[in-house]
Amino acid sequence: MNHTTEIVLTLAGIALVHGLIFFFLTRKSRLIKGKHVVVTGGSSGIGLWAAVECVRLGAHVTVIARNVPLLEKALEELEKWRVRDTQKLQFRSLNLSKSYETVAKTLDELEGDVGPIYMLVNCAGMAICGTVEDTAIADAHRLMDVNYFGTYYPTRHVLPKMKAAGDGIIVITASQAALMGVYGYGAYAASKFALRGLAETIAMEARHRGVTVTLALPADTDTPGFENENRSKPEETKIISGSGGLAKPEDVGRRIVQDALKGSFFSILGLESWILSILCVGMAPWKGPLLCFAQFYLLGPLRLIGLVLQWNFQRIIKGCAKRKAQQSQ
């Protein structure tokens, strides 16, 4: 191979890489202006700011939660971001995990008032921490009811309608705990792993019908829910999860909506989440050549980093156990 050929191949390779990067960064997003978006868990935290982003993009937005005073405050916040006088902004108080029939009836009423639900953003959820044996059976059931069935019921209702329309977006908000088990997150992680399974299954069942699914994997975020979570968090869990800092709910909510409109399966924010999503990619759906290229070449090295992290977690757990034993003497 002569020198000229080498130069040509090098330039061609550079052009290809830059072309893939350009494609990845500028791929067309779907528009939600004038369309109906429903956000569950939209009274505060990530859900509220996801709703704000949808309002800012011109959508009709309905937020769903249980606490009416918080919903009223959320609606006041949404009104600040209104971009069109014709936008319909409203809320509904609803226990999403009570029964499928109750959820279906409410969503049907909303569609009768505003129009078909084009985008469903599932953000309702909660966290209760504790080792598996220290978590009350009732709390384990509650986590599955709120986190899984509170997402499953509305998703199940809108999915066939979206398939029939040949278009639609479903967001399922899980957590980094949907990618790996962590000390003190047993029952919580189980409910979030269930959401990942649901998201991957729907992505396979519905993609050919024009429906996309985005699995949001936020790290620790500065929300009222996170404050409640910390009250039950074991010392080991606080140390393991405390190194990543706290994300802002407005940043997470905005990113989730943007990723969903681009059709991304994973929605992540920050380097730590990006690394973890590649390390735990498994059989997640294909999304673009550049991302798959990165996963292929980084998965091996990142596995080594993952083993180091696991060793560090065990070191923390053993250290805490030793301190507790000394204190009990």
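This structure is a prediction, so every number in the text was calculated from the model and none was measured.

**Regarding the pattern of salt bridges**
Piece 1. A complete count under the given rule lists 12 salt bridges for this structure.
Piece 2. Between Asp167 and Arg30 there is a salt bridge, with the nearest N and O atoms lying 2.7 Å from each other. Pair noted here: Asp167 is in the loop between α5 (137-165) and β5 (168-173) and Arg30 is in the loop between α1 (3-26) and β1 (36-40), with a separation of 137 residues, a long-range link.
Piece 3. When its relative accessible area of 27% is taken as the criterion, Asp167 is described as partly exposed.
Piece 4. The class of Arg30 is partly exposed, set by a relative accessible area of 21%.

**What about the nonpolar core?**
Piece 1. Core analysis: the largest hydrophobic core is formed by 53 residues, its most contacted members being Leu107, Ile172, Leu215 and Leu217.
Piece 2. Elements with a contribution of two residues or more to this core: α4 (100-114), β4 (117-122), α5, β5, α6 (186-206), β6 (211-216) and α11 (289-328).
Piece 3. At nine residues, α6 tops the list of elements feeding residues into this core.
Piece 4. Each residue touching Leu217, except ones within four places of it in the same chain, is listed here: Ala174, Ser175, Gln176, Ala178, Leu179, Phe266, Ser267, Ile268 and Ser273.
Piece 5. Of all hydrophobic cores here, the second largest spans 31 residues; its members include Ala50, Ala51, Val171 and Ala260.

**Examining the packing of aromatic side chains**
Piece 1. Under the counting rule described, the total for this entry stands at 11 aromatic pairs.
Piece 2. Here Tyr100 and Tyr153 contribute two aromatic rings whose centre-to-centre distance is 6.1 Å and whose plane-to-plane angle is 65°, an arrangement assigned as edge-to-face. A residue pair is termed long-range when its members are at least 10 positions apart, and Tyr100 in helix α4 and Tyr153 in helix α5 qualify at 53 residues.
Piece 3. Among the residues examined, Tyr153 registers a relative accessible area of 16% and is labelled buried.
Piece 4. Between Phe293 and Tyr297, the aromatic rings sit 4.7 Å apart at their centres with planes inclined by 50°, giving tilted as the arrangement.

**A closer look at the pairing of β1**
Piece 1. For β1, the tally of buried residues reaches five of five residues, placing the bulk of the element in the interior.
Piece 2. Residues His36, Val38 and Thr40 of β1 are buried on one face, and the alternating residues Val37 and Val39, pointing to the opposite face, are buried as well.
Piece 3. Inspection of the sheet shows β1 paired to strand β2 (residues 60-65) by five bridges, in the parallel sense. Looking at β2, one finds that Val39 is bridged to Val63.
Piece 4. In this fold, the crossover linking β1 to β2 by way of helix α2 (residues 45-56) has right-handed handedness.
Piece 5. Two elements, β1 and β4, share five bridges in a ladder whose sense is parallel. Across the sheet, Val38 pairs through a bridge with Leu120, a residue of β4.

**What about α2?**
Piece 1. Spanning 12 residues, α2 covers 17 Å between terminal C-alpha atoms, matching the ideal 16 Å at 1.5 Å per step.
Piece 2. Most of α2 is tucked away, with 10 of its 12 residues classed as buried.
Piece 3. Buried within α2 are the following residues: Gly45, Ile46, Gly47, Leu48, Ala50, Ala51, Val52, Glu53, Cys54 and Val55.
Piece 4. The elements touched by buried residues of α2 are β1, β2, α3 (68-80), β3 (89-93), β4 and α9 (249-262).
Piece 5. Just downstream of α2 lies Gly58, where phi reads positive at about 90°.

**Quick word on the sheet that holds β3**
Piece 1. A sheet is described by the order of its strands in space; here seven strands give the open sequence β3-β2-β1-β4-β5-β6-β7, paired in parallel fashion. Two strands in the sheet have a free side with no partner beyond their single neighbour: β3 and β7 (266-267).
Piece 2. Its contacts with the sheet put α9 on β4, β5, β6 and β7, and the angle it makes with β5 is roughly 140°.

Reading the values: the criteria
- Per chain, residues are indexed from 1 in the order of the written sequence.
- Selection of residues for local features in this predicted model requires a pLDDT of at least 70, selection of side-chain atom pairs for listing and counting requires 80 or more, and totals for whole chains, interfaces and linings are taken over all residues.
- For the side-chain quantities, the full set of heavy atoms in the structure was used; hydrogens and water were omitted.
- Basic side-chain nitrogens of Lys or Arg form a salt bridge, by our definition, when they fall within 4 Å of a carboxyl oxygen of Asp or Glu.
- Numbering of helices and strands starts at the N terminus; helices are DSSP runs of H or I of at least 4 residues and strands are runs of E of at least 2.
- Only protein chains enter the accessibility calculation, which uses a 1.4 Å probe. A residue is then buried if its area is under 20% of the maximum for its type, exposed if over 50%, and partly exposed in between.
- Buried residues of nine kinds, namely Ala, Val, Leu, Ile, Met, Phe, Trp, Tyr and Cys, make up a nonpolar core once their side-chain atoms join them within 4.5 Å.
- Two residues qualify as a contact provided that any one of their heavy atoms is within 4.5 Å of a heavy atom in the partner residue.
- Only rings of Phe, Tyr and Trp enter the pairing, Trp through its six-membered ring, and a pair is recorded when the two centres are within 6.5 Å. The plane angle decides the type: under 30 degrees is stacked, over 60 is edge-to-face, the rest tilted.
- Strands are treated as partners if at least two bridges between them are detected by DSSP.
- Classification remark: right-handed applies to a crossover when, strands pointing away from the viewer, the course from the first strand over the helix to the second runs clockwise.
- Helix span, as expected, comes to 1.5 Å for every residue beyond the first.
- The axes are straight lines fitted to the C-alpha atoms, using for helices just the contacting stretch, and the angles between their N-to-C directions are given from 0 to 180°.

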